[in-house]
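# A closer look at the structure
Given next are the chains, with one letter for each unit.
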Amino acid sequence: KKIPNIMSAEGGDDEFDDDEFDEDRMTSLDERASKVEAKIKNISGRVMHVNSTLELLRSELDELKNELKQLEKEDATNEHVANARLVFDGAGPGGQLGGFVTPVKHSRFIKYLLGSAVNLVSRKTEERMRLKEEYVNFRETQTISYFLFPLVLFIWYNSKHSGHFFLQSQIAASKHSEFVETVLTASYPIALQAYFSWLLYFYTSLGLRENILKANGSNIRPWWIQHHYYSMAMALCVLTMDVDSPSCVTFIGRFLFFTFCQGIVMFLQNRYQRFRMYTRVAIGKASPMDVSATESGSRLKLLWPLLLTLQTMQLVFGCQVLLRWYKEFARNGKGLSEWQALVAGSLFVLMALGNFNATVMTFIRKRDYAMTEAKRKNKRA
């Protein structure tokens, strides 16, 4: 009879111990939660203090940036002005200060694609440098496709219109020669449209990346961004063209040949200018956020004949397209049905003239920079 009493007593003690344990656990959890709350409030206050400090720094940097621009206009050869520019561009202990100034307004291109509320500026130097490296790597890797695609399509185009496909003897010797020729003939329009779609993606991606780099302090010239806008319009224009239309049959061969030559020149520029840019950054002639498209080193003159030849080819090709469009289509009342030739020819002429002007301005900036450096050395002497 005592056993149940003992068991009941033991059960009561267990319940009392469990209640006491729950109370201790709740007290411990409440203390821990109170500490976490206090720490979060403390960090929130510190973040508010940091933000207010950054706002003060931003206003001071905005004033100093404007004052530095004014001093550069008055006397760019002054040693203190030059040193101030180097520190602002990243030579100082705080890295590049462009990420702490008031961001410039977004371009219409960014507003249309991403909206006006998106923040493109990275304050950390490591993040900005990663943006630049990804841009450079993207441009270099895609440039290989830029000249390989049109090379293959150009050979394909000549084979299609000459009636003799590339490696035709090997194809004719095979058991399924008719099937292979049919597949090659039917695949050509698909491959051509795929190439045009890739061009649209390539130039759209470049435009987005360059706008982001520009917002983070890169010294990309406005023309190169505009040039990619025009190239996007060009790719969209030819993408809407019927591959069997008279204008496409007439002009596509020259277009593929030109883009192949352009891809070769771009590849040579990228390979040379990337290493050259590292040197310019190391000696303080360029900002760490600058990309090779803005590079104007003395050895770039080795590429000038190629650039000028390519720009002349582009201008001539654009004028030929416009002339043939007028003679063969506009005069016969078919100008509107072949409007892609008019738009493409006009864009080719516009980009050729803009590229030539950018090349000349690069030469002028190089000459002015050399004269400024000479004056600065004379002052020091």
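Attention here is on the structure that accompanies the text. What you are looking at is a predicted structure, and each value in this text was computed from that prediction instead of being measured. What you see as residue numbers is a count from 1 along each chain, following the sequence as written. Totals for whole chains, interfaces and linings use all residues, but because this is a predicted model, local features are given only for residues with pLDDT of at least 70 and pairs of side-chain atoms are given and counted only at 80 or more. Hydrogen atoms and water are omitted, and side-chain values are computed over all heavy atoms in the structure.

## Examining the nonpolar core
One broad trend across soluble globular proteins is that nonpolar side chains are buried collectively. For clarity, the threshold we go by: Only buried residues count toward a nonpolar core. Its members are Ala, Val, Leu, Ile, Met, Phe, Trp, Tyr and Cys residues joined through side-chain atoms within 4.5 Å. The classification of residues rests on relative accessible area computed with a 1.4 Å probe and restricted to protein chains. Under 20% of the type maximum is buried, over 50% is exposed, and intermediate values are partly exposed. Helix and strand definitions here come from DSSP, where helices need a minimum of 4 consecutive H or I residues and strands a minimum of 2 consecutive E residues; each element is numbered from the N-terminal end. Throughout, a residue-residue contact means that at least one pair of heavy atoms, one from each residue, lies within 4.5 Å.
Ranked by size, the top nonpolar core spans 48 residues in total, and within it Leu192, Leu199, Ile252 and Phe255 carry the most contacts. Of all the secondary structure elements, the ones that give two or more residues to this core are helix H4 (125-162), helix H6 (177-215), helix H7 (222-239), helix H8 (246-282), helix H9 (304-330) and helix H10 (339-380). When residues in this core are grouped by element, the largest group, 10 residues, is from H6. Setting aside residues no more than four positions away along its own chain, phenylalanine 255 makes contact with Tyr195, Phe196, Leu199, Met234, Phe317 and Phe348. Among the nonpolar cores identified, the runner-up in size contains 5 residues, and Leu61, Leu68, Val81 and Val101 belong to it.

## Points about a nonpolar patch on the surface
Selection rule: Patch membership requires more than 30% relative accessible area and the absence of a salt bridge. Residues of like charge join within 9 Å; the nonpolar side chains Val, Leu, Ile, Met, Phe, Trp and Tyr join within 5 Å. Residue exposure ignores everything except the shown protein chains as possible cover, and the areas themselves are Shrake-Rupley values with a 1.4 Å probe. Take a side-chain nitrogen of Lys or Arg and a carboxyl oxygen of Asp or Glu: if they are within 4 Å of each other, that pair is a salt bridge.
On the surface, Ile144, Leu148, Leu151, Ile155, Ile264, Phe267, Leu268 and Leu306 cluster together into a nonpolar patch covering about 570 Å² of accessible area. Where the nonpolar patch is concerned, the elements lending two or more residues are H4 and H8. As for its placement among the helices and strands, phenylalanine 267 is situated in helix H8.

## Section: H9
Applied cut-off: Helices are assigned an expected span. That span is 1.5 Å times one less than the residue count.
The end-to-end C-alpha distance of H9, which contains 27 residues, comes to 37 Å, matching closely the 39 Å that a straight helix rising 1.5 Å per residue would cover. Those residues of H9 that sit buried are Trp304, Leu307, Leu310, Gln311, Gln314, Phe317, Gly318, Val321, Trp325 and Phe329.

## Quick notes on the pattern of salt bridges
By the definition in use, this model includes 2 salt bridges. The partner of glutamate 37 in a salt bridge is lysine 41, and the shortest N-O contact between them spans 3.2 Å. Taken together, the residues span about one helical turn, with glutamate 37 and lysine 41 both in helix H1 (residues 2-74) at a distance of 4 residues. Taking the relative accessible area as the measure of exposure, glutamate 37 reaches 42% and is therefore partly exposed. A salt bridge links arginine 324 to glutamate 328, with the nearest nitrogen and oxygen atoms 2.9 Å apart. Linking arginine 324 with glutamate 328, this pair stays in helix H9, spanning 4 residues, or about one helical turn. Residue arginine 324 is classed as partly exposed on the basis of its relative accessible area, which comes to 28%. On the basis of relative accessibility, which here comes to 34%, the residue glutamate 328 falls in the partly exposed class.

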